[in-house]
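In case you want the letters, here they are:
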Amino acid sequence: MVVTVAAGLMVSAPLFPGWVRYVVQIALAIGLVSLGVMILLRAGLLSFGQGLYYMVGGYSVGFLSRHAGITDAFAATATGIVASAAFAALLGLFIVRYRSIFFAMLTLAVAMIVYGVALKVSLFGGTDGLNVRPTTWLGYAPRGSQLQLTQFQFTVLLTAVLILAARKLLNSRFGKLIEAIHDNELRLEYLGLSVRRSLLAIYVVAGALGGAGGALAAMAARHVDPSFTYWTTSGEFVFVAILGGTGSVFAPFFASFLLEIIRSFAAAWLPDYWQLLLGVMMLALVLLLPRGLWSLARVVQRTFGRTSAPVLLREDART
Amino acid sequence: MTLLLQCRDVSKSFNGLSAAAGISLSVGAGEIVGIIGANGAGKTTLLNMISGYIRPTSGSILFNGEDVTGIEPRVLTQRGIARSFQVPQLFLNATVRENMMLALSLLVQPRSKLLRDFGDQGLVEDVDRMLQHYDIQRHAHTVVRSVPQGVRKLLDIGMAICGQPSLVLLDEPTSGVSSDEKHELMRRLMGRLRADATTTIFIEHDMEVVREYASRVVALYDGQVLADGQPGDVFSKEEVLRLIVGKTENAPQC
């Protein structure tokens, strides 16, 4: 299904107006970061600081473009992913010792410290941030609408690859162990699993996804600034992850699309109230669909789907 | 007989309160040791120290001749010490089958297969065979949160010992299990452990069970070894009868 949708989007891309493609690109970028939040949520950890990796990914693109003159999309996203994974590995060493509110507050605190530093250090361009030069692909340097079109296709392709990888991970034995961490850490230790190392591993995965999202967003907007790691940005990723639910790797993307659509239209029609709209949505969701929008898909499947064998996995992500 | 486990003068105090006061105990390969004692005698503390959950204040523990004092449960599990709990430690939100699948993917299957699909056929078949063995296969698809205590108990033990450990520590395997199910549970469990000649240490309040299944009995009182020997000898000691057997028979079984 992922392959079909991705291929369909890439082929039909020229039919959409540029602004639609841009909205999709941003939605995919936010979806990737939120997918990281969702993976951590499965282990029972709420990261309120994924903006940090969004920023590391974004600035990897920014720095490469400004200081090294490298505009290649592959090099830039790879750097963004590797840099944020490395950051996550370093920070994770101490952060995965904490749980629940302590974990959430620490992630938030670190992201905000980085925000504070980035504002003051001229390297990051202050509140104005850095502009990113037009992206190239292994020497291919399109201009104008062709540039945006290629960028769109690249974004769809990379996102599809990462979704497939994340799905493979979550459906694996390790993926199931991640959920078990939330349930009973003591038992896992007595089964010989290092809970801390496992959490570190998924924290790095979440960081890498954050970096990928940040790199894609920076290339799409051709701009990156310290607000990438501001707490409202991180909050948005949490919002999207909870809105979608933890039921499937597609859930965060479903939610981020909805968010971007609402943002686009509400900004035009209700410029002063659109955050109110988000608040109402969240309230309704928590009250009516506590497992997120994705649980709607389950309801639809159960109602219209053919009667199938007993479901083996509780929250099985295969769709 | 080769010595598998040696506890040398092991003590543990919690903020000045002594839970174990110089316990020395050697267990040979293949023995089935029943540990008896009143509440607070230090039985669980001893198991916690052997399995690495808590570090003794003083003394040392040797497993297979190696000093393992203070090594974490995770590492000891990999070296072959398995442990079950008085209150079953399970994944409450997963089904019985999934619980066993998780245990098998960690203890039986190689680590290199951790990225394999969770529901792969080989794993499912192995698990179903084990559930069958413990006679809990009819609960396979039920979430652990809603299965009876007896099933949880068996599952907890089954998960702990699925990796063919060389030493098994069972903390009150029959607690919370109705008295008519108790003997069936022990028969099944001990049958398996004996067949594999697995060294076992179990804590038990039901003296009848201890007498029937233990090849050796260790009586703890106030953090110390009160008696250690053949079940017949230990149960005929006057202090054991007065301090442990008498008390546990009058006290409510918990």
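Residues numbered from 1 in each chain as written. Chains lettered and ligands numbered in written order. Predicted model: local features only at pLDDT ≥ 70, side-chain atom pairs only at ≥ 80, totals over all residues.

For chain B, the count of helices and strands is nine helices and ten strands. Radius of gyration (C-alpha) of chain B: 18 Å, near the 18 Å computed for a compact globule of 254 residues. Put simply, chain B has 254 residues, and 44% of those count as buried. Taking the contacts inside chain B whose residues are at least 6 apart along the sequence as the reference set, 68% of them involve residues at least 24 apart. (Helix = DSSP H or I, 4+ residues; strand = E, 2+ residues; numbered from the N terminus. Rg over C-alpha atoms; globule rule 2.2 N^0.38 Å. Buried ≥ 20, exposed ≤ 12 C-beta atoms within 10 Å, placed from the backbone. Contact = placed C-beta atoms within 7 Å.)

With that out of the way, let us pick up the packing of helix 3 (residues 51-68) of chain A against helix 4 (residues 73-95) of chain A. Residues and elements named next belong to chain A. Contact geometry for helix 3 and helix 4: axes closest at 8 Å, N-to-C directions at 140°. Between helix 3 and helix 4, the crossing angle belongs to the class labelled oblique. Considering only the axes of helix 3 and helix 4, their crossing is right-handed. Residues Tyr53, Val56, Gly57, Ser60, Val61 and Leu64 of helix 3 form the contact with helix 4, whose participating residues are Ala75, Ala76, Thr79, Gly80, Ala83, Ser84, Phe87 and Ala88. Of the residues contributing to the contact of helix 3 with helix 4, the split by class is nine nonpolar, five polar and no charged. (Axes fitted to C-alpha atoms, helices over the stretch in contact; angles between N-to-C directions. Parallel < 35°, antiparallel > 145°, perpendicular 65-115°, else oblique. Left-handed = near helix turned anticlockwise from the far one by under 90°. Nonpolar A, V, L, I, M, F, W, Y, C, P; charged D, E, K, R; others polar.)

Residues and elements named next belong to chain B. Assigned domains within chain B: domain 1 (3-80 + 165-250) and domain 2 (90-156). Using C-alpha coordinates to define each centre, domain 1 is positioned 27 Å away from domain 2. Between domain 1 and domain 2, the contact holds seven residues from the first and five residues from the second. A breakdown of the residues in the side of domain 1 that touches domain 2 according to their chemical character gives three nonpolar, two polar and two charged. (Domains from an automatic or database assignment.)

Once that is clear, we can look at unusual backbone geometry. Backbone geometry at B:Ala197 places phi at a positive 55°, although glycine is not the residue there. For B:Ala197, the position within the fold is in the loop between helix 6 (179-195) and strand 8 (199-203).

Moving on: the packing of helix 1 (residues 2-12) of chain A against helix 6 (residues 144-171) of chain A. Residue and element names in this part refer to chain A. Interaxial distance between helix 1 and helix 6 falls to 9 Å at its minimum, and their mutual angle equals 175°. Between helix 1 and helix 6, the angle is such that the two are roughly antiparallel. Where helix 1 approaches helix 6, its residues Val2, Val3, Ala6, Leu9 and Met10 are matched on the opposing element by Gln153, Val156, Leu157, Ala160, Ile163 and Leu164. Partitioned by chemical class, the residues of the contact of helix 1 with helix 6 number ten nonpolar, one polar and no charged.

All names here are of chain A. In this model, helix 3 (18 residues) spans 24 Å end to end at C-alpha, consistent with the 26 Å of a helix rising 1.5 Å per residue. Across the 18 residues that make up helix 3, a large majority, 14, are buried. Of the residues flanking the end of helix 3, it is Gly69, one or two places downstream, whose phi is positive at about 65°. (Expected span 1.5 Å × (residues − 1).)

Note: α-helices contain 3.6 residues per turn, so residues at a spacing of three or four share the same orientation. Residue and element names in this part refer to chain A. In this model, helix 9 (residues 195-221) (27 residues) spans 38 Å end to end at C-alpha, consistent with the 39 Å of a helix rising 1.5 Å per residue. Counting buried residues in helix 9 gives 21 out of 27 residues, a clear majority hidden from the surface. Phi turns positive, to about 55°, at Arg222, one or two residues after helix 9.

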